[in-house]
Amino acid sequence: MATPSPAKSMGDPGITPLSPTHVLKDSEENEPARHPYVVVVAIDFGTTSSGYAYAFTKEPECIHTMRRWEGGDPGVSNQKTPTTILLSPDRKFHSFGYAARDFYHDLDPTESKQWLYLEKFKMKLHTTANLSIDTDLHAANGKKVKALDIFAYSLAFFKEQALKELSDQAGADFDNADVRWVITVPAIWKMPAKQFMREAAYKAGLVSRDNPDQLIIALEPEAASIYCRKLRLHQMVDLGNKTALNGYSPTENVGVGMTQAKEHVRRNRQSRTFLVENVIGELWSELTEGDRYVVVDCGGGTVDLTVHQIRMPEGHLKELYKASGGPYGSIGIDYEFEKLLCKIFGQDFIDQFKIKRPAAWVDLMIAFESRKRAAAPDRSNPLNINLPFSFIDYYKKFRGHSVEHALRKSNVDFVKWSSQGMLRMSPDAMNALFKPTIDHIIQHLTELFERPEVTDIRFLFLVGGFAESPLLQQAVQKMLQGRSRIIIPHDVGLTILKGAVLFGLDPSIIKVRRSPLTYGVGVLNRFVEGKHPPEKMLVKEGTRWCTDVFDMFISTDQSVALGETVKRSYTPAKPSQQVIVIHVYCSEKESVSFITDPGVRKCGTLKLDVSGTESPAARREIQTLMQFGDTEIRAMAVDVATSRSVKASIDFLSQ
């Protein structure tokens, strides 16, 4: 059966292209005057940990990271706080980060079941196929809660923290209108997830819908790229360099470099201000026009790979290949640990334990987290993981025998029971938990390096919290075999945060991006016998039209300059039309013929009221402008005769 055409079914009288159709123009002439923001605040909203940093526009070289967080873990730098949130039993915001974790942990087990505790929830935005404003999350006690509320509460928490700190510095209340906000998201996120973050920011009161430009959605690997340009030799570890750097040879032992780097950072931690010299770092000065490098951003949830090329003279960045990657962040290791526990103690027990003793489960995962960080290729002594008393106790009640008995019976190699009440894992057992996640990353990198546009890569920047893992560093080194130098910035977990601040100070630094999708509008074309399918034919006032034609603005993976505007002219198919409706469609496919093709979805609508105005022209001209090259897309329609215009934000969240 032929699909009914929207022209018939939706009462959309349709528009038809006016030729010439394709005008590309630079949008600088109609750029609004920039708001003189006093400060840029960047929020790195991570899967496992989050934080903020800021810089005053008058002192762009001083980046301040937030104060130390209360309740930090021993041995873990707490310039960021865990991405954990606690709501009271009546679903009101209670606390975020370490404070949420500690309070939840201290609750009585019967009481804790009433509270809503969530962690590692950011990944839901990447993994939900039909993400919408109504998407739910599950708290540790199994109860459902709206994802938008959780993200909005989290952003409101950072807004309050940052404004309080800025007010303390200024000695008076700091006005939110003076802040330009930047929120970082993975580059591989699809448009709905990026828009979801913006909706959460509106709900949190970071910015208002009337002033969307006050918030920039920054892509994490781009932010890292911007910061890496500024790196000086003493601020990084060069794994690919045979000569000694800072007095040690990095290839002797992958982990040593990071240990020394961390010590260097710890000594400088008293000052929370990073000076970013207004120069291009020594490493960068080795790069010339056209040189390519890869940023591998290894976070808690995702791994993002972006290929950039240098454009001189200003050293602007051009994205060479659209961002790729996947859900291969360090939480994959936590899932492997959970699978191991299920193998030893039974899936039924672990599922029950998580619901009946949610706080103790969180405790167990915290204990695992700190041991996970100690995993290294050359480690020989075992790693001990504390099992909470309630785990041991509950298991005995559940199964009728001891944890020790379960371990003996399970035949899991390299995991033993120690008399101090701990799981004792051999280094091999721990390394095995890393293997699936690291294998995914290496496979992805291998595929990337085989692509024709990814040849002659000078540097590979390894950033994000997971980049600290010596096991991952060694695997990347082995895969590259000296094809490009591997650079790891000191304080690697803050690279994105600092880069996001620099990006907020100068968003024009990324000059060319790749379009993640194909965009176009639905139009009517004159029906051509033999070219158009007969079921698409529509006869209107004696004229034969072909409906549902996809008029393409831009195709996926096409390179687009920052602020590049694609401008098209249309005319109403029927001169007497009072309202002109233009639907914007998108697809992941490169070539699209009709808006009814598989995988094409509507992502925005422009409605232009042209009633009450007569156009002297024989054919009324409606211009549609779509602006690309930014992390988000803007669309606008103009009635040329009257200069009336409408703007639309492209909506990727409506189902």
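Every chain is numbered independently, its residues counted from 1 as its sequence is written. Owing to the predicted nature of the model, reporting of local features is limited to residues with pLDDT of at least 70; listing and counting of side-chain atom pairs is limited to 80 or more, with chain, interface and lining totals taken over all residues. As a rule here, side-chain values cover all heavy atoms of the structure and leave hydrogens and water aside.

A. Region of the structure containing the overall build of the chain. For the chain, the helix and strand inventory stands at 17 helices and 34 strands. The rule is simple: take the accessible area with a 1.4 Å probe, protein chains only, and divide by the maximum for that residue type; under 20% is buried, over 50% is exposed, in between is partly exposed. Counting all 655 residues of the chain, 56% fall into the buried class. Roughly 28200 Å² of accessible area belongs to the chain as shown, and the carbon and sulfur atoms make up 50% of that amount. The secondary structure listing takes helices from DSSP runs of H or I that are at least 4 residues long and strands from runs of E that are at least 2 residues long, numbered from the N terminus. Per-residue accessibility takes into account occlusion by the displayed protein chains alone, with areas from the Shrake-Rupley method and a 1.4 Å probe.

B. Just the confidence of the model for the chain, in detail. Mean pLDDT over the chain: 82, with 84% of residues reaching 70 or higher. Confidence scores per residue from the predictor, reported as pLDDT, run from 0 to 100. In this analysis, two residues are considered to be in contact whenever any of their non-hydrogen atoms come within 4.5 Å of each other. Here residues 1-11 is modelled with pLDDT under 50, and outside its nearest four sequence neighbours on either side it reaches 18 contacts, counting other chains as well. In the model, residues 265-271 has pLDDT below 50 throughout and makes 5 contacts with residues more than four positions away in sequence or in other chains.

C. Just the packing of aromatic side chains, in detail. Two rings belonging to Phe, Tyr or Trp (six-membered ring only in the last case) form a pair when the distance between their centres is within 6.5 Å. Interplanar angles under 30 degrees mark stacking, angles over 60 mark edge-to-face geometry, and anything in between is tilted. For the structure on display, the rule yields 27 aromatic pairs. On the numbers, 6.1 Å between centres and 80° between planes, the contact of phenylalanine 45 with phenylalanine 121 is edge-to-face. Pair noted here: phenylalanine 45 is in the loop between strand 3 (39-44) and strand 4 (49-56) and phenylalanine 121 is in the loop between strand 9 (116-119) and helix 4 (124-127), with a separation of 76 residues, a long-range link. A relative accessible area of 0% means that phenylalanine 45 is categorised as buried. The exposure class assigned to phenylalanine 121 is buried, which follows from its relative accessible area of 4%. Seen in terms of ring centroids, phenylalanine 121 and phenylalanine 151 are 5.4 Å apart; in terms of plane orientation they differ by 90°. Their pairing is edge-to-face. On the criterion of sequence distance, the pair formed by phenylalanine 121 in the loop between strand 9 and helix 4 and phenylalanine 151 in helix 5 (residues 147-170) is long-range, its members being 30 residues apart. Residue phenylalanine 151 is classed as buried on the basis of its relative accessible area of 0%.

D. Region of the structure containing the pattern of salt bridges. One speaks of a salt bridge when a side-chain nitrogen belonging to Lys or Arg is within 4 Å of a carboxyl oxygen belonging to Asp or Glu. For the structure on display, the rule yields 23 salt bridges. Between aspartate 334 and lysine 120 there is a salt bridge, with its nearest N and O atoms 2.9 Å apart. Residue aspartate 334 is located in helix 10 (residues 331-345), and its partner lysine 120 is located in the loop between strand 9 and helix 4; the two are separated by 214 residues in the primary sequence. One salt-bridge network, in which partners are shared between bridges, spans Lys120, Asp334, Glu369, Lys372 and Arg373.

E. Here's a closer look at the side chain of threonine 518. In this fold, threonine 518 is placed in strand 25 (residues 518-526). Residue classification places threonine 518 among the buried residues on the basis of a relative accessible area of 0%. A polar side-chain atom of threonine 518 sits 2.9 Å from the main-chain amide nitrogen of threonine 556. Apart from residues no more than four positions distant in its own chain, threonine 518 is found in contact with Phe550, Met552, Ile554, Ser555, Thr556, Tyr585, Cys586, Ser587, Lys589, Glu590 and Val592. Two N or O atoms count as a polar contact when they lie within 3.5 Å, although within protein this holds only if one can serve as hydrogen donor and the other as acceptor, and sequence-adjacent residues are included solely when both atoms are side-chain atoms.

F. Expanded view of the environment of glutamine 79. Assignment of secondary structure puts glutamine 79 in the loop between strand 5 (62-65) and strand 6 (81-82). Glutamine 79 sits in the buried class, given a relative accessible area of 3%. A sequence separation of 415 residues divides glutamine 79 from leucine 494, and the C-alpha atoms of the two residues are 8.1 Å apart.

G. Looking closely at the state of the cysteines. When two cysteine sulfur atoms lie within 2.5 Å, the pair is treated as a disulfide. Within this structure, the stated rule accounts for 0 disulfides. Cysteine 603 takes part in no disulfide bond, and the closest cysteine sulfur, belonging to cysteine 586, lies 3.7 Å away.

H. The arrangement of the pairing of strand 12 (residues 179-185) in detail. With 7 of its 7 residues buried, strand 12 lies for the most part within the structure. The two faces of strand 12 match: Val179, Trp181, Ile183 and Val185 on one face and Arg180, Val182 and Thr184 on the other face are all buried. DSSP bridges decide pairing: two strands pair if at least two such bridges lie between them. Here strand 3 runs beside strand 12; their pairing, made up of 5 bridges, is parallel. The residue bridging valine 40 from the neighbouring strand is arginine 180, located in strand 12. Across 5 bridges, the pairing between strand 12 and strand 13 (residues 215-219) is parallel. Each residue of the ladder has a partner; that of valine 185, found in strand 13, is leucine 219.

I. View of the pairing of strand 24 (residues 510-514). As defined by bridge partners, strand 18 (residues 316-326) adjoins strand 24 across 2 bridges and the pair is classed as parallel. Within the sheet, the bridge partner assigned to leucine 317 lies in strand 24 and is isoleucine 510. By the bridge criterion, 3 bridges tie strand 24 to strand 28 (residues 559-561) in an arrangement that is antiparallel. If you follow arginine 513 over to strand 28, its bridge partner there is valine 560.

J. Spotlight on the packing of helix 11 (residues 347-356) against helix 12 (residues 358-372). Throughout, an axis means a line fitted to C-alpha atoms (over the contacting stretch in the case of helices), and angles, computed between N-to-C directions, take values from 0 to 180 degrees. Where helix 11 meets helix 12, the closest approach of the two axes is 5 Å, and the angle between their N-to-C directions is 110°. With respect to helix 12, the axis of helix 11 lies roughly perpendicular. On helix 12, the residues touching Ile350, Phe353, Lys354, Ile355 and Lys356 of helix 11 are Pro358, Ala360 and Trp361. In the scheme used here, Gly and all other residues not listed as nonpolar or charged are polar, with Ala, Val, Leu, Ile, Met, Phe, Trp, Tyr, Cys and Pro taken as nonpolar and Asp, Glu, Lys and Arg as charged. Class assignment for the residues of the contact of helix 11 with helix 12 results in 6 nonpolar, no polar and 2 charged. Should an angle fall under 35 degrees it is taken as roughly parallel, and over 145 as roughly antiparallel, whereas 65 to 115 is taken as roughly perpendicular and any remaining angle as oblique.

K. Layout of the packing of helix 11 against helix 13 (residues 389-399). Helix 13 packs onto helix 11 with a crossing angle of 125° between their chain directions and a minimal axis gap of 11 Å. It follows that helix 11 is oblique to helix 13 by the angle criterion. Once helix 11 is placed against helix 13, the crossing between them reads as right-handed. Packed against helix 11, whose contacting residues are Asp348, Phe349, Ile350, Gln352, Phe353 and Lys356, the element helix 13 presents Ser390, Phe391, Tyr394, Tyr395, Phe398 and Arg399 at the interface. What makes a crossing left-handed is the near helix being turned counterclockwise from the far one by less than a right angle; a clockwise turn instead makes it right-handed.

L. The arrangement of helix 14 (residues 403-410) in detail. Taken as a whole, helix 14 has its buried residues at Val403, Ala406, Leu407 and Ser410. Taken down its axis, helix 14 places every buried residue within 100° of arc, on the same side. Among the exposed residues of helix 14, those oriented more than 90 degrees off its buried face are Arg408 and Lys409. For helix 14, the secondary structure elements touched by its buried residues are helix 10, helix 13, strand 20 (415-418) and strand 21 (422-425). In the stretch just after helix 14, asparagine 411 is the one whose phi turns positive, near 60°. By definition, the arc is the one covered by directions from the helix axis to the C-beta atoms.

M. Fine view of the environment of arginine 485. Topologically, arginine 485 is positioned in strand 23 (residues 485-489). Each C-alpha atom of the pair arginine 485 and phenylalanine 461 lies 8.3 Å from the other, and the pair is 24 residues apart in sequence.

N. Expanded view of the environment of tryptophan 189. As for its position among the elements, tryptophan 189 is in the loop between strand 12 and helix 6 (191-204). Since its relative accessible area comes to 3%, tryptophan 189 is described here as buried. C-alpha separation for the pair tryptophan 189 and proline 516, spaced 327 residues apart in sequence, amounts to 9.7 Å. Among all residues touching tryptophan 189, those that are not within four sequence positions of it are Lys122, Leu125, His126, Lys194 and Met197.

O. Up close: the sheet that holds strand 19 (residues 383-386). Strand order in the open sheet made by the 3 strands is 19-21-20, with antiparallel pairing throughout. The open sheet terminates on both sides in strands that have one partner only, identified here as strand 19 and strand 20. For this sheet the average axis-to-axis angle between neighbouring strands, irrespective of direction, equals 30°. The pairing of strand 20 with strand 21 spans 4 bridges and is antiparallel. Paired with tryptophan 417 across the strands is leucine 423, a residue of strand 21. Most of the contacts of helix 10 go to strand 21, to which it runs at about 115°, and overall it touches strand 19, strand 20 and strand 21.

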